[in-house]
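# Observations on the model geometry
Here are the chains, one letter per residue:
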Amino acid sequence: MHQPNAPILNSFPNTDVLVESLAAFTIKAQKESLDKKGRFTVALSGGSLPKMLRGLIDNPAVKWDKWQVFYVDERVVPHDHPDSNHLACTTHLFSQVPIPAENIHPIDASLLNDLEELSDAYEKELIREFAQKDSARFPIFDLILLGMGPDGHTASLFPGHELLTEEDRWIAYLEDSPKPPPKRITFTYPVINHASRVVFVAAGKEKVDTLSGVLDRPEEGLPSARVKPAFPGQLYWFVDDAAAEKTGSVSHFAKPKHPIVILEDVGKIRLVKWFTTLPTKAKTKIIQDVTRLVLARRKRMCNVIEYKGSKIVYRQYASLFFVCEIGEQDNELLTLEIIHRYVEALDQYFGNVSVIQAF
Ligand SMILES: O=C(O)[C@H](O)[C@@H](O)[C@H](O)[C@H](O)COP(=O)(O)O
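Being a predicted model, the structure only gives us computed values, none of them experimental. All residue numbers here refer to positions counted from 1 along the written sequence of the relevant chain. At least 70 in pLDDT is required for a residue's local features to be given in this predicted model, at least 80 for side-chain atom pairs to be given and counted, and no such filter applies to totals for whole chains, interfaces and linings, which use all residues. Hydrogen atoms and water are omitted, and side-chain values are computed over all heavy atoms in the structure.

### Here we look at the site of the ligand
In the vicinity of the ligand there are 16 residues, among which Ser-48, Asp-73, His-153, Ala-155 and Lys-179 approach most closely. By the criterion applied in these results, polar contacts are pairs of N or O atoms within 3.5 Å in which, for protein atoms, one can donate a hydrogen and the other can accept it, and in which residues neighboring in sequence qualify only through two side-chain atoms. Within the contact set of the ligand, an oxygen atom lies 2.6 Å away from a side-chain nitrogen or oxygen of Asp-73. Against a free-state accessible area of 420 Å², the protein chains account for coverage of 91% of the ligand. Each residue gets one of three labels, nonpolar for Ala, Val, Leu, Ile, Met, Phe, Trp, Tyr, Cys and Pro, charged for Asp, Glu, Lys and Arg, and polar for the others, Gly among them. Residues that form the shell around the ligand fall into these classes: 2 nonpolar, 9 polar and 5 charged. Residue proximity to a molecule or strand is established when one non-hydrogen atom of the residue lies within 4 Å of it. In this description, accessible areas are obtained by the Shrake-Rupley approach with a 1.4 Å probe, and a residue is regarded as covered only by the protein chains that are shown.

See the structure below:
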């Protein structure tokens, strides 16, 4: 039996870039699912997540009529209650896009007084969608989007709660949620961990310690660290740099002191990521120098160029050059490896990274 795939961590300088990348990722997942089976099954969380999906609004690539949307967890309140996750998703997303109402699956608001019936009814709603199509024992969602609370909870699975060990039910309920409101229903781990893709979205410095705990010390068993989609499922993290600040898993890659540049062979800059604050003039000069030096290289030449007390390390992939400026003491072979890993990660999202349009 295969071990679960290692999580893929993406850290972005701010939420706007995160939102854009999350939308691109979702559209790619949608395409893969539609190509395979003509529909796209998605589960959404509450909290800050609905707002993070704004990159999908006005995006012609989204085939809303093919989406079937469920809620990872829901607070047991009427649909128009300010605590309702369905209301949050409707306000921030569904009311602004052409999704057919029947493709959205909220809880049955007539059952709010009976949590057992409410969760059973939601489980049946899932069964109607998934049974005989994707799965028998557990549904296989194409995409589950999760948030993470500062205590490490995800969905409505809280630290130390008995639901962390639920193995049979698809949907469980709780009446003692530490995060208000106390009454909720939630996907269980078997459902989350059977998905094809699970994405955590976490931004802000209040998540920094928890994120480091979840990624660097998963053995501590925080609820978010228990999300490990079964092979071939894949777990992704979309976070901002503020949340990733202490995470060892990215520090070697996402925190170099110098820029990373993606340059097209015709001299066009495709992407620049700075890790230091410099005046615009100085940045422009560095980019001009890097472009000139790299494009003047012939194929067989060494991939390292000395540059004003630092080193420029580059690798060419088809028409794209991936360039890093590193310090004199930094290891160029390691940098070449890091570039390669970066290209592999990009490949996973966008397909062939040599296809310029992907950027
Ligand atoms: O209904 C809920 O409360 C959520 O589904 C919950 O699991 C949420 O995703 C996290 O608490 C993160 O919330 P933030 O993104 O607001 O921090």
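### Concerning the sheet that holds strand β5 (residues 143-146)
Paired strands, in this sense, are two strands between which DSSP finds at least two bridges. Strands here mean DSSP runs of E at least two residues long; helices mean DSSP runs of H or I at least four residues long; both are numbered from the N terminus. Strand order in the open sheet made by the 6 strands is β1-β9-β8-β5-β2-β3, with parallel pairing throughout. Looking at which strands have only one partner, the edges of the open sheet turn out to be β1 (8-12) and β3 (67-71). Strand-to-strand twist of the sheet, defined as the mean angle between neighbouring strand axes without regard to direction, takes the value 20 degrees. Here strand β2 (residues 40-44) pairs with β5 via 2 bridges, running parallel. Each bridged residue has a counterpart across the sheet, and for Ala-43 the counterpart in β5 is Ile-144. We call two residues contacting when some pair of their heavy atoms lies within 4.5 Å. With axes taken as lines fitted to C-alpha atoms, and helix axes fitted only over the stretch in contact, angles between N-to-C directions fall between 0 and 180 degrees. Strands β1, β2, β3, β5, β8 (197-202) and β9 (234-240) of the sheet are contacted by helix α1 (residues 15-37), whose axis makes an angle of about 170 degrees with β8.

### With respect to the domain arrangement of the protein chain
Start and end points for every domain follow an automatic or database-based domain assignment. What the domain assignment lists for the protein chain is domain 1 (8-249) and domain 2 (256-358). On the side of domain 2, 5 residues touch domain 1, which itself brings 9 residues to the contact. Accessible surface is computed with a 1.4 Å probe, and the buried area is the amount of it that two parts give up when combined, taken over both parts together. Interface area, domain 1 with domain 2, both sides summed: about 590 Å², of which 55% is carbon and sulfur. For the domain 1 face of the interface with domain 2, the top three residues by lost area are Ile-8, Lys-28 and Tyr-236, together amounting to 54%. Put simply, a salt bridge is a Lys or Arg side-chain nitrogen that is within 4 Å of an Asp or Glu carboxyl oxygen. Where domain 1 touches domain 2, the interface holds 1 salt bridge. Across the salt bridge formed by Asp-241 and Lys-273, the nearest N and O atoms sit 3.4 Å from each other. Contributing elements (two or more residues each) for the side of domain 1 that touches domain 2: β1, α1 and β9.

### Focus: the confidence of the model for the protein chain
The predicted model of the protein chain has a mean per-residue pLDDT of 89, with 92% of residues at 70 or higher. A score between 0 and 100, pLDDT records how confident the predictor is in each residue. Contacts of residues 251-256 to residues separated by more than four positions or lying in other chains number 10 contacts, the stretch itself having pLDDT below 50. Among the prediction metrics, the complex's ipTM stands at 0.98, with pTM recorded as 0.75.

### Points about the pattern of salt bridges
Under the defined criterion, the tally for this structure stands at 19 salt bridges. With a closest N to O distance of 2.3 Å, Glu-129 and Arg-39 form a salt bridge. One end of the pair, Glu-129, is in helix α4 (residues 115-130); the other, Arg-39, is in the loop between α1 and β2, and 90 residues separate them in sequence. Here Glu-129 matches Arg-39 in class, with each residue buried. As a salt-bridge pair, Asp-289 and Lys-308 come within 3.5 Å of each other at their nearest N and O atoms. The rule is simple: take the accessible area with a 1.4 Å probe, protein chains only, and divide by the maximum for that residue type; under 20% is buried, over 50% is exposed, in between is partly exposed.

### Points about the sheet that holds strand β11 (residues 269-273)
The 5 strands lie next to each other as β11-β10-β14-β13-β12, forming an open sheet whose pairing is antiparallel. Because the sheet does not close on itself, it has two edges, and the strands there are β11 and β12 (304-307). Across the sheet, the mean angle separating the axes of adjacent strands is 20 degrees when strand polarity is ignored. Where strand β10 (residues 260-264) meets β11, 4 bridges bridge the pair, whose relative direction is antiparallel. Considered in β11, the bridge of Leu-263 is made with Ile-269. Where helix α9 (residues 280-295) meets the sheet, it contacts β10, β11, β12, β13 (310-317) and β14 (320-327), and its direction lies at approximately 140 degrees from that of β12.

### A word on the pairing of β12
Pairing between β12 and β13: 4 bridges, direction antiparallel. By the bridge assignment, Tyr-307 is partnered in β13 with Ser-310. Between β12 and β13, which pair antiparallel one after the other, the connecting turn spans 2 residues, and Lys-308 there sits at a positive phi close to 45 degrees.

### Here's the deal with the environment of Arg-298
With respect to the secondary-structure elements, Arg-298 resides in the loop between α9 and β12. Judged by relative accessible area, which is 62%, Arg-298 ranks as exposed. Arg-298 sits 188 residues away from Ser-110 along the chain, and the two C-alpha atoms are 71 Å apart.

### Notes on the nonpolar core
Residues belong to one nonpolar core when they are buried, are Ala, Val, Leu, Ile, Met, Phe, Trp, Tyr or Cys, and are joined through side-chain atoms within 4.5 Å. Counting residues in each nonpolar core, the largest one holds 83 residues, and the members touching the most others are Leu-44, Phe-141, Phe-187 and Trp-237. If you tally residues by element for this core, the top one is α1, at 8 residues. Apart from residues lying up to four places away in sequence, Phe-187 is in contact with Ala-43, Phe-70, Tyr-71, Val-72, Tyr-122, Leu-126, Phe-141, Ile-144, Leu-157, Trp-170, Ile-171 and Ile-192.

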